Amino acid sequence: MTNASEPDLLLFSQEYEAKVSKSGQRKNLEFEPLSTTALILEDRPANLPAKSEEEAQRHRQEYDEMVAEAKKRELKEAQKKKKQMKERFKQEESIVNAMVVWNNEILPNWESMRGTRRVRDLWWQGLPPNVRGKVWSLAIGNEMNITSDLYEIFLSRAKERWKSFRETGSEMESDADSADRESSLDLIKLDISRTFPPLFIFQKGGPYHDLLHSVLGAYTCYRPDVGYVQGMSFIAAVLILNLEEAEAFIAFTNLLNKPCQMAFFRVDHELMLKYFAAFEVFFEENLPRLFNHFKSSNLTPDLYLIDWIFTLYTKSLPLDVACRVWDVFCRDGEEFLFRTGLGILRLYEEVLLQMDFIHIAQFLTRLPEDTPSERLFSCIANTQMISGNRKWTQVFNALLKDKEMEKSSSPTVKNS
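Residues numbered from 1 in each chain as written. Predicted model: local features only at pLDDT ≥ 70, side-chain atom pairs only at ≥ 80, totals over all residues. Heavy atoms only, no water.

A. View of helix H5 (residues 129-140). Over its twelve residues, H5 runs 17 Å from end to end, which matches the ideal 16 Å to within 8%, given 1.5 Å per residue. Immediately beyond the C-terminal end of H5, within one or two residues, lies Gly141, with a positive phi of roughly 80°. (Helix = DSSP H or I, 4+ residues; strand = E, 2+ residues; numbered from the N terminus. Expected span 1.5 Å × (residues − 1).)

Now the structure itself:
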């Protein structure tokens, strides 16, 4: 039997019923059928044997069944859309209500309310987009005492260097410094073009291209000891989407100065290994089957965690989901980055258990674009950051202490 689309079926059904009711009986009309389905009901041409009564009845029954099935699917689709609309309206109403609470109650009394159970619970549900940047700024803080004026100073320096490179190809510095600086500036230019390409707003000619270039350039002048490291563009871009230019720079410099981010962006191998070791303690505690599978596959945390931490999940997760991760990261600090990693592994545990080394590494580098926010956060909520009555900070500090003891007991230290 030839398949037909639902609109064809319903359209033909309506015209057929109208034709029958008008004439009182079906006539052998010569016309182009509305769809191939119509051939079921049409009489055969005069030069062919007519349908038997039994065949005609069977065709009528088949046609009625097809129309009934089409109507059933259409009703099911309409119910599904109605449910989706209802959920969306409910979500929008929830966002509006939360926005009112954040703007009228929490933000005016930030210091006294930020740590309360009510605010923490509301925070976990995701920040309303119009207060997100403000809350991030307050939560990240400004320990570096960066001001808008300071940003303008370093931005001017960056522009002078860009101009110098364009005109002479070098600066009045040592060759090594100049090469490093040029390499850093070239990497910025390259990375900007690869930042959220589907959005088309950070690429050359896009509305945020120059803005992102400015924030990253100013940072390399402000922190020449760190310079530009691949992945920074994603963090700066998310801040630019939620904050004004100078505010984005202030949040960016303070965020990158946090211990975990500084360890990764300065590529402190020893400290990074301690973070990986702490992560594995909780990995084994929460997901022993998957932990053993990774072990047997020789898949170590650095193969996926580095990218996750470098970009704060903005490159691996859908942007809206990553922003919600940032919400709670700003609330809970570095621990939540590793808890999120375990939540992702929990969400896709059954899939990952069926994969080998190569496929796991590929999967974790670029997670499914339809990664569901609610299910992910449910998995994160079910991830306990406690091992042997020790919390993340205690486990990590114990590993740091072991590191210091190793140093103090080394022959080099003893003989010095």
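Once the structure has been displayed, the description carries forward.
B. Broad picture of the packing of helix H14 (residues 302-310) against helix H16 (residues 334-347). Interaxial distance between H14 and H16 falls to 11 Å at its minimum, and their mutual angle equals 125°. Classified by the angle their axes make, H14 and H16 are oblique. Between H14 and H16 the crossing geometry is right-handed. On H16, the residues that touch Tyr304, Leu305, Trp308 and Ile309 of H14 are Leu337, Phe338, Gly341, Ile344 and Leu345. Of the residues in the contact of H14 with H16, the class split is eight nonpolar, one polar and no charged. (Axes fitted to C-alpha atoms, helices over the stretch in contact; angles between N-to-C directions. Parallel < 35°, antiparallel > 145°, perpendicular 65-115°, else oblique. Left-handed = near helix turned anticlockwise from the far one by under 90°. Contact = heavy atoms within 4.5 Å. Nonpolar A, V, L, I, M, F, W, Y, C, P; charged D, E, K, R; others polar.)

C. Spatial organisation of the pattern of salt bridges. Counted according to the given criterion, the structure contains 15 salt bridges. With a shortest N-O distance of 2.9 Å, Arg194 and Asp191 are connected by a salt bridge. Look at Arg194 and you get partly exposed, because its relative accessible area is 39%. (Salt bridge = Lys/Arg side-chain N within 4 Å of Asp/Glu carboxyl O. Buried < 20%, exposed > 50% of the residue type's maximum accessible area, 1.4 Å probe, protein only.)

D. Structural view of the packing of helix H8 (residues 209-222) against helix H9 (residues 232-242). One can describe the packing of H8 onto H9 by two numbers: an axis separation of 10 Å at closest approach and a directional angle of 120°. Taken together, the axis directions place H8 and H9 in an arrangement best described as oblique. The chirality of how H8 crosses H9 is right-handed. Side by side, H8 and H9 meet where Leu211, Leu212, Val215, Leu216 and Tyr219 of the first sit next to Met232, Ser233, Ala236, Ala237 and Ile240 of the second. Here the contact of H8 with H9 is composed, by residue class, of nine nonpolar, one polar and no charged.

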